[in-house]
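Observations on chain architecture
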Amino acid sequence: MPYIVVFDTNILISALFSTNGNPFRCLASAKIGQIESVTCQEILDEFAEKLLVKFKFTEEMAQSAVTEIKDISRLVEIFGALQAVPDDPDDDMVVECAVVGNATHIITGDKHLLRLKRHQSIVIAKATEFVDFLAST
């Protein structure tokens with residue numbers, strides 16, 4: 001069974017800034033087709049916004065980073081209907097994206113998501129845990 005993964009915004013940002021870390025390895029496994037990446041416009045918008053506001057990227061640089069993620073991902077549409085993360089409703093979009101995209105994993109560094117451990121059959125894990133998991137399969 002192929003692994004279908006939703007990468008949270010913090011993983012996308014970490015992968016962009018550290019080319020030798022586990023978030024980068026996770027995305028690299030999507031680029032080479034070892035796993036399937038699934039995302040939604042809401043995650044891409046949050047990614048772009050963080051790059052623009054927090055990291056002072058130019059619009060062009062931010063769009064380039066978003067395009068790179070889009071190119072390696074299957075885009076699904078979410079409707080903001082799922083409420084799965086009581087401590088941080090902003091994280092609901094990540095879980096809903098995973099549900100809609102039939103994901104097997106959510107990869108995140110977010111403590112609110114990690115506290116859930118899983119949602120339905122979707123495993124919620126840190127990048128390090130997922131890299132170790134992939135290496136053992």
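The coordinates are above.
Report follows, based on the coordinates. What you see is a predicted model, and the numbers here were worked out from it, not measured in a lab. Note on numbering: residues in each chain are counted from 1, in written sequence order. Local features in a predicted model are, by the rule used here, given only for residues with pLDDT of at least 70; side-chain atom pairs are given and counted only at 80 or more, and totals for whole chains, interfaces and linings are based on all residues. Only hydrogens and water are set aside when side-chain values are computed; all heavy atoms of the structure are taken into account.

Remarks on the overall build of the protein
Counting from the N terminus, the helices are the DSSP runs of H or I reaching at least four residues and the strands are the DSSP runs of E reaching at least two. In terms of helices and strands, the protein carries 7 helices and 6 strands. Ordered by position from N to C terminus, the α and β elements of the protein give β-α-α-β-α-α-β-α-β-α-β-β-α. The C-alpha extent of the protein, read off along each of the three principal axes, is 40 × 35 × 25 Å. Split into buried and exposed, the 137 residues of the protein put 49% on the buried side. Within the protein, residue pairs in contact and separated by at least 24 positions form 61% of the contacts whose partners lie at least 6 positions apart. Think of it in three bands: residues with accessible area under 20% of the maximum for their type are buried, residues over 50% are exposed, and the middle band is partly exposed, with areas taken using a 1.4 Å probe on protein chains only. The contact criterion used throughout is that any non-hydrogen atoms of two residues lie within 4.5 Å.

Some words on the sheet that holds strand β2 (residues 36-40)
Overall, mixed pairing links the 6 strands, which are arranged β3-β2-β1-β4-β6-β5 in an open sheet. Because the sheet does not close on itself, it has two edges, and the strands there are β3 (73-76) and β5 (118-119). Pairing between strands is defined by DSSP: at least two bridges between them are needed. Pairing analysis gives 4 bridges linking β2 to β3, with the strands arranged parallel. For V38, the partnering residue across the bridge sits in β3 and is R74. Where helix α3 (residues 41-53) meets the sheet, it contacts β1 (4-7), β2 and β3, and its direction lies at approximately 80 degrees from that of β2. Fitted lines through C-alpha atoms give the axes, limited to the stretch in contact for helices. The angle between two N-to-C directions lies from 0 to 180 degrees.

Here's the deal with the environment of D87
Structurally, D87 is set in the loop between β3 and α5 (92-100). Between the alpha carbons of D87 and A125 there is a distance of 17 Å; along the sequence they are 38 residues apart. Apart from residues lying up to four places away in sequence, D87 is in contact with H112 and R115. Polar contacts, as used here, are pairs of N or O atoms within 3.5 Å; protein pairs need one atom able to donate a hydrogen and one able to accept it. Residues neighboring in sequence count only if both atoms are side-chain atoms. Looking at D87, its side chain comes within polar contact range of the side chain of R115, at 2.7 Å.

Some details on the packing of α3 against α5
Helix packing geometry: the angle between the two helix axes and the distance between the axes. Two numbers describe how α3 lies on α5: the axes approach to 9 Å, and their chain directions differ by 140 degrees. What the angle tells us is that α3 and α5 run oblique. Of α5, the residues touching α3 (which contributes E42, I43 and E46) are M93, V94 and C97. Residue polarity is assigned by list, with Asp, Glu, Lys and Arg as charged and Ala, Val, Leu, Ile, Met, Phe, Trp, Tyr, Cys and Pro as nonpolar; anything else, Gly included, falls into the polar class. Split into classes, the residues belonging to the contact of α3 with α5 amount to 4 nonpolar, no polar and 2 charged. Angles are sorted into four bins: roughly parallel if under 35 degrees, roughly antiparallel if over 145, roughly perpendicular if 65 to 115, and oblique for all others.

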